[in-house]
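# Structure at a glance
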Amino acid sequence: MFDVHHSHTLFRPPAEAYSLIIRIMDGCPWNQCTFCGMYKGVPCRFLSVEKMDAEIAGARKTYPQAQRIFLADGDVMALSFEKLKAVLQRLNERFPRLARVNVYANGHSILQKSDAELRELRALKLSTLYMGLESGHEETLRAVKKRETAEEMIEAGQRAQSAGLKISVMILTGLGGQKSSTLHAAATADALNRMQPRLLSALRVIPIPGTELYDQEKSSAFTQLTEHQAMEELRQTIQGLELESTVFRANHSSNILPMEGRFPKDKNRLLDELDALLASGVLDTASPGAPPLSL
Ligand code: SF4
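Per an unreviewed UniProt entry, the protein chain carries the name Radical SAM core domain-containing protein and comes from Pontiella sulfatireligans. Listed under Cofactor (unreviewed entry) in UniProt, the entry text for the protein chain is "[4Fe-4S] cluster".

This is the structure in structure tokens:
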């Protein structure tokens, strides 16, 4: 029996801080990425349509004037087209001022929808899909057990944007470790250039206790970049980006230097900031440095 009481931590993108959050599922249907501890031990379950209705009705009582809604948890796009359409229709009925509905979406789940279905979801105010590319480097993606290939994620991003949806793509600095840093940076920039996301966030990979990546680091199967190398890798990625209209953020607490800008106009300024940091002597060249206080 599914209980609508969700006991695990709620994750949402920083940009959704002021959105009304409605949880219509628990966990992530894949839940195998070696670096991810978000839903460890959380069985993936979608609420029944009736229970989703109850959650939506409850949320409406709290905030009937909501304009922005974020549907949680980990991959709401994995809902069947018919169910997602029903949820969006209900949100449109219940929230008269609704402007957009945003969700986490994996490449696989986007590719399960036809172009016509993606357009129909867009017409029902589905707006931004937060998608973890993590890397464009195939070997790195396989090593961290990402479900999709880089090609699949590029296609998913392109198809979503062609249907009028925005994609907000996350990449992980350091995911290839010492072994693949250069290849990871170059292939990630290439993948992003083909996707042309409207929003791009760079986070730094930090092995978290309880994840496979953490165990690999302990057994030396994965070697984290030093602070200096991580910034060099991010510089290489940014150098390789040819983005036509993208808002870039690297302000998650995992990052060493909080950065923000718009491509293409701020590319050189971002590179200058990184060059200044790399030359400053403050970065640890022997270790990844102290982990951030919060992740
Ligand atoms: S990174 Fe995303 S797809 Fe991978 S396990 Fe975590 S939530 Fe699921």
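### Details of the overall build of the protein chain
Helix and strand counts for the protein chain come out as 10 helices and 10 strands. The principal-axis extent of the C-alpha atoms belonging to the protein chain is close to 55 × 40 × 30 Å. When each of the 295 residues of the protein chain is scored for burial, the buried share is 50%. Put simply, of all contacts in the protein chain between residues at least 6 apart along the chain, 77% involve residues at least 24 apart. Only carbon and sulfur atoms are counted for the fraction: they give 51% of the accessible area of the protein chain, which is about 13400 Å².

### Quick notes on the packing of helix H1 (residues 49-62) against helix H2 (residues 81-94)
Where H1 meets H2, the axes come as close as 11 Å, and the angle between the chain directions of the two elements is 25°. Considering the angle they form, H1 stands roughly parallel to H2. Two packed elements cross with a definite hand, and for H1 against H2 that hand is right-handed. When H1 is examined against H2, the residues Val49, Met52, Asp53, Ile56, Ala57 and Arg60 are found in contact with a partner set consisting of Lys83, Val87, Arg90, Leu91 and Arg94.

### Brief notes about the state of the cysteines
What we call a disulfide is simply a covalent bond connecting the sulfur atoms of a pair of cysteines. This model, assessed by the stated rule, comprises 0 disulfides. Looking at the unpaired Cys44, the closest cysteine sulfur is the one in Cys28, lying at 6.6 Å.

### Observations concerning unusual backbone geometry
A cis amide bond links Ala72 with the next residue in sequence, Asp73, at an omega value of 10°. Residue position: Asp73 is located in the loop between strand S4 (68-72) and H2. For the bond from Phe263 to Pro264, the omega torsion is 5°, close enough to zero to count as cis. If you trace the backbone, Pro264 turns up in the loop between strand S10 (259-263) and helix H10 (267-280). Even without glycine at this site, Lys125 takes up a positive phi of about 80°. When you line up the elements, Lys125 lands in the loop between helix H4 (115-123) and strand S6 (126-134). One non-glycine residue, Glu134, lies in positive phi territory at about 65°. Counting through the fold element by element, Glu134 comes out in strand S6. A relative accessible area of 8% means that Glu134 is categorised as buried.

### Side note on the site of the ligand
Taken together, the residues surrounding the ligand are Cys28, Asn31, Gln32, Cys33, Phe35, Cys36, Met38, Tyr39 and Asn106. Grouping the amino acids of the shell around the ligand by side-chain chemistry returns 6 nonpolar, 3 polar and no charged.

### Here's the deal with the packing of helix H6 (residues 150-162) against helix H7 (residues 177-195)
Remark: H6 packs on H7, axes separated minimally by 9 Å, with the N-to-C direction vectors making an angle of 25°. Considering their axes alone, H6 and H7 lie roughly parallel with respect to each other. Seen from above, H6 lies across H7 with right-handed handedness. For the pair formed by H6 and H7, the contact residues are Glu151, Met153, Ile154, Gly157, Gln158 and Gln161 on the first element and Ala191, Arg194 and Met195 on the second. Grouping the constituent residues of the contact of H6 with H7 by class yields 4 nonpolar, 3 polar and 2 charged.

### Structural notes on the environment of Lys179
In this structure, Lys179 sits in helix H7. Take Lys179: its relative accessible area is 70%, and that puts it in the exposed class. Of the polar contacts made by the side chain of Lys179, one reaches the side chain of Glu139; its length is 3.3 Å.

### Considerations on the nonpolar core
Core analysis: the biggest nonpolar cluster contains 64 residues, and Ile22, Leu71, Leu91, Phe95 and Leu129 have the highest contact counts within it. The residues touching Leu129, leaving out its near neighbours within four places in the chain, are Met77, Val103, Ala105, Ile110, Ala160, Leu165, Lys166, Ile167 and Ser168. Counting residues in hydrophobic clusters, the runner-up holds 10 residues, among them Phe35, Val144, Leu175 and Val205.

Conventions and cut-offs
- Residues numbered from 1 in each chain as written.
- Predicted model: local features only at pLDDT ≥ 70, side-chain atom pairs only at ≥ 80, totals over all residues.
- Heavy atoms only, no water.
- UniProt positions renumbered as here; feature names shortened; annotations may be inferred.
- Helix = DSSP H or I, 4+ residues; strand = E, 2+ residues; numbered from the N terminus.
- Buried < 20%, exposed > 50% of the residue type's maximum accessible area, 1.4 Å probe, protein only.
- Contact = heavy atoms within 4.5 Å.
- Areas by Shrake-Rupley, 256 points an atom, 1.4 Å probe, with all protein chains shown as cover.
- Axes fitted to C-alpha atoms, helices over the stretch in contact; angles between N-to-C directions.
- Parallel < 35°, antiparallel > 145°, perpendicular 65-115°, else oblique.
- Left-handed = near helix turned anticlockwise from the far one by under 90°.
- Disulfide = S-S within 2.5 Å.
- Near = heavy atom within 4 Å.
- Nonpolar A, V, L, I, M, F, W, Y, C, P; charged D, E, K, R; others polar.
- Polar contact = N/O pair within 3.5 Å; in protein donor to acceptor, adjacent residues only side chain to side chain.
- Core = buried A, V, L, I, M, F, W, Y, C linked by side-chain atoms within 4.5 Å.

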